[in-house]
Amino acid sequence: AKDNGRHTLCFFDPAMQAALLAHVKLEADLHQAQENQQWLLYYQPQVNSCGTIIGVEALLRWEHPERGMVSPCEFIPLLESTELINDVGEWILAGACQQLARWAQHPRLSTLTISVNLSPQQFRDKHFLSRVEGVFARTQAPLSRLKLEVTESLFVAAQDETRHKMLALKAQGVRFSLDDFGTGYSSLAYLAQLPLDQLKIDQSFVQQVLDSQANASIVESTIALAGSLNLEVIAEGVETEAQQAWLLAHGCHVYQGYLFGQPVTVDEMERRIEKV
Ligand code: C2E
Ligand code: CA
Ligand code: CA
Ligand code: CA
C-alpha cells in the first residue's frame, strides 16, 4: 500500500487487498463469535506412566456458522492483537473453573487437573488479576486443580510485574506450567526467578526424539533441568509408543498427545474416564 495523501491508502496489489479484507471480515466474525457464544472448550487428556488420566488441557474451538470448526491457530493471533483476547480468555477460564467445580463433586473426577492457556497479552492486561479473581469467586473452583500455561515470551519484559501476578495467583493455590519449552528466545535465568511448577516439553522436540540426536539431547537436558529445579515435566505431542518408551526411559512420566487421545468434548472425556 502506498500512502496517498493524509488518510487515504491506495492499494496496488489485489492479493494484498484481498488479504486485508479477509482479515477485516475475520475480525468482525470474531466479535460476532464472542457476542453469540460460538466458543467451545475441548479437553485433551494428560496421562501418567500407567496410562491413567490425571488431568486435561482445555483447548479453545470456534464453531463458525459457515466454516464449521475453526482451529485456534487461525484466530488466536488475531484475538491477541485486539482487546477481544481479554473477554474470550475470561470465558475460557470461567468454563474450565466451572468444570473443576462440578468435577469436585465426583470421586473419580475430583482429582483431575485442568490446564488453561494464557495469552501473554491477556496476562499483561492491567485488569488481569481482578478478572481472574472475579472468576474464582464466581465459580468457587478448587484452585489447587488449576494449572495456567504461560509461554517464555512473558518473561522477556516486565519481570517484576510478571512475578507479582504469578505470586498473587499462586497464593490461592494455582500452579503454573511453562508451555512450548525450548522454542522461545529468552534466557534460562528466568527459570530460577519465576515461580513455575511445570515444564512442558514442546511437541517439536518430542516428535523428533528418535530421529535426531540433537533433539534427543535437548529433551534429555530439559528433563534434567526440570529435575534439578524441582519442576514437574510433561511431554506434549506424544504420538507413538516408541516416543513414550523413550521418554519413560529418560525420566519423563507424564504425557499428552494423540497416542493417548485427541482433544474432545467434556462429555466424551467424562465417558472415557468413567469407563476405566
Ligand atoms: P498448544 O498450547 O501448544 O496446544 C497444543 C496443540 O497441539 C493443540 O492444538 C493440540 O490439539 C495439538 N496436539 C496435541 N497432541 C498432539 C499430537 O500428538 N500431535 C500433534 N501434531 N498435535 C497435537 P490446538 O488445539 O489446535 O491449539 C493450537 C494452539 O492454539 C495452542 O497450542 C495454543 O497456543 C493456542 N490455544 C488453544 N486453545 C487456547 C486457549 O484456550 N487460549 C489461548 N490463549 N490459546 C489457545
Ligand atoms: Ca498449551
Ligand atoms: Ca504447547
Ligand atoms: Ca503452542
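Up top you'll find the structure we're talking about.
A quick note: this is a predicted structure, and the numbers were derived from the prediction, not measured. The written sequence of each chain sets the order in which its residues are numbered from 1. Written order decides the labels, with chains lettered from A and ligands numbered from 1. With pLDDT at 70 or above as the cut-off, local features in this predicted model cover only qualifying residues; side-chain atom pairs require 80 or more to be listed or tallied, and sums for whole chains, interfaces and linings still use all residues. Heavy atoms throughout the structure, all of them, feed into the side-chain values; hydrogens and water do not.

Caption draft 1: Examining the layout of surface pockets more closely. Whether a set of points on the 1 Å grid over the protein atoms alone is a cavity depends on a 1.4 Å probe fitting there but being unable to get out, while an open set qualifies as a pocket with protein on both sides within 12 Å along at least five of seven lines; lining residues are those with an atom within 4 Å of a point. Grid points are joined across faces, edges and corners, and a volume is the space filled by probe spheres set on the points. Estimates place the volume of the largest pocket at around 990 Å³. For the lining of the largest pocket, the secondary structure elements donating two or more residues are β4 (53-64), α2 (72-80), α3 (84-103), β6 (113-117), α4 (120-124), β7 (146-150) and β8 (175-181). Numbering of helices and strands starts at the N terminus; helices are DSSP runs of H or I of at least 4 residues and strands are runs of E of at least 2.

Caption draft 2: Here's a closer look at the pattern of salt bridges. Salt-bridge detection follows one rule: a side-chain nitrogen of Lys or Arg within 4 Å of a carboxyl oxygen of Asp or Glu. Taken as a whole and judged by the stated rule, the model has 11 salt bridges. For Arg138, the salt bridge goes to Glu90, with nearest N and O atoms at 3.2 Å. Residue Arg138 is found in helix α5 (residues 128-139), and its partner Glu90 is found in helix α3; the two are separated by 48 residues along the sequence. Classification of Glu90 by relative accessible area gives partly exposed; the value is 21%. Here Asp197 and Lys170 are joined by a salt bridge, their closest N and O atoms 2.7 Å apart. Of this pair, Asp197 sits in the loop between α7 (189-193) and β9 (198-201) while Lys170 sits in helix α6 (residues 159-170), placing them 27 residues apart in sequence. Think of it in three bands: residues with accessible area under 20% of the maximum for their type are buried, residues over 50% are exposed, and the middle band is partly exposed, with areas taken using a 1.4 Å probe on protein chains only. Exposure remark for Lys170: the relative accessible area of 24% places this residue in the partly exposed category. Members of the salt-bridge network, linked through shared partners, are Asp87, Glu90, Arg131 and Arg138.

Caption draft 3: Geometry of the site of ligand 1. Taken together, 23 residues lie near ligand 1, and Gln44, Arg61, Gln203, Glu239 and Tyr258 sit nearest. Here a polar contact is recorded for every N or O atom pair within 3.5 Å, except that within protein the pair must consist of a potential hydrogen donor and a potential acceptor, and residues adjacent in sequence are included only if both atoms are side-chain atoms. Interatomic distance of 3.4 Å between a side-chain N/O atom of Glu57 and an oxygen atom of ligand 1. At a separation of 3.3 Å, an oxygen atom of ligand 1 approaches a polar side-chain atom of Asp180. In isolation ligand 1 has 800 Å² of accessible area, and contact with the protein removes 83% of it. Judged by the fraction of its atoms near the pocket grid, ligand 1 is located in the largest pocket. The rule for a residue being near a molecule or strand is that one of its heavy atoms must lie within 4 Å of it. Computed by Shrake-Rupley with a 1.4 Å probe, the accessible areas treat only the displayed protein chains as cover when residues are assessed. To be counted as sitting in a cavity or pocket, a molecule needs more than half of its atoms within 2 Å of that site's grid points.

Caption draft 4: Broad picture of the packing of α5 against α6. Between the N-to-C directions of two axes lies an angle of 0 to 180 degrees, each axis being a line fitted to C-alpha atoms and, for a helix, fitted only over the stretch in contact. Orientation of α5 relative to α6, taken along the N-to-C sense of each, is 15 degrees, at an axis distance of 11 Å. It follows that α5 is roughly parallel to α6 by the angle criterion. The element α5 and its partner α6 pack so that their crossing is right-handed. Along the contact surface, α5 presents Phe128, Leu129, Val132 and Phe136, while α6 presents His164, Lys165, Ala168 and Leu169. Residues are grouped as follows: Ala, Val, Leu, Ile, Met, Phe, Trp, Tyr, Cys and Pro are nonpolar; Asp, Glu, Lys and Arg are charged; all remaining types, including Gly, are polar. Residue classes in the contact of α5 with α6 are distributed as six nonpolar, one polar and one charged. Each angle gets one of four labels, with under 35 degrees taken as roughly parallel, over 145 as roughly antiparallel, 65 to 115 as roughly perpendicular, and the rest as oblique. Note on convention: the crossing is left-handed when the near helix lies turned anticlockwise from the far helix by less than a right angle, right-handed when the turn is clockwise. In what follows, residue pairs with any heavy atoms lying within 4.5 Å of each other are defined as contacts.

Caption draft 5: Spatial organisation of the coordination of the calcium ion (ligand 4). Donors, by definition, are the N, O and S atoms found within 2.8 Å of a metal, the threshold being 3.2 Å for Na, K and Ca, and water is not counted, so a site can look incomplete. Protein-derived ligands of the calcium ion (ligand 4) are Asp180 (OD) and Asp180 (OD), with the metal-ligand distances lying across 2.6 to 3.1 Å. The calcium ion (ligand 2) is placed at 5.7 Å from the calcium ion (ligand 4).

Caption draft 6: Summary view of empty space enclosed by the protein. As enumerated under the stated definition, the model contains one cavity of 30 Å³ or more in all. Approximately 70 Å³ is the volume found for the largest cavity. Every residue along the wall of the largest cavity is listed here: Asn86, Gly89, Glu90, Leu93, Gln122, Asp125, Phe128, Arg131, Val132 and Val135. Elements with a minimum of two residues in the lining of the largest cavity: α3 and α5. Looking at the lining of the largest cavity, its residues break down into four nonpolar, three polar and three charged.

Caption draft 7: Region of the structure containing unusual backbone geometry. Unusually for a residue other than glycine, Gln37 sits at a positive phi of about 55 degrees. Judged by relative accessible area, Gln37 falls into the partly exposed class, the value being 41%. One non-glycine residue, Asp180, lies in the positive phi region at around 55 degrees. Residue position: Asp180 is located in strand β8. On the basis of relative accessible area, Asp180 is assigned to the partly exposed category, the value being 25%.

Caption draft 8: Region of interest: the coordination of the calcium ion (ligand 3). Protein ligation of the calcium ion (ligand 3) involves Asp179 (OD), Asp180 (OD), Glu236 (OE) and Glu236 (OE), the donor distances falling in the range 2.2 to 2.6 Å. All donors of the calcium ion (ligand 3) belong to a single chain; written as a sequence motif, their spacing is D-D-x55-E. The metal-metal distance between the calcium ion (ligand 3) and the calcium ion (ligand 2) comes to 3.9 Å, with Asp179 coordinating both. Of this pair, Asp180 sits in strand β8 while Glu236 sits in the loop between β10 (232-235) and α10 (241-249), and the two are 56 residues apart along the sequence.

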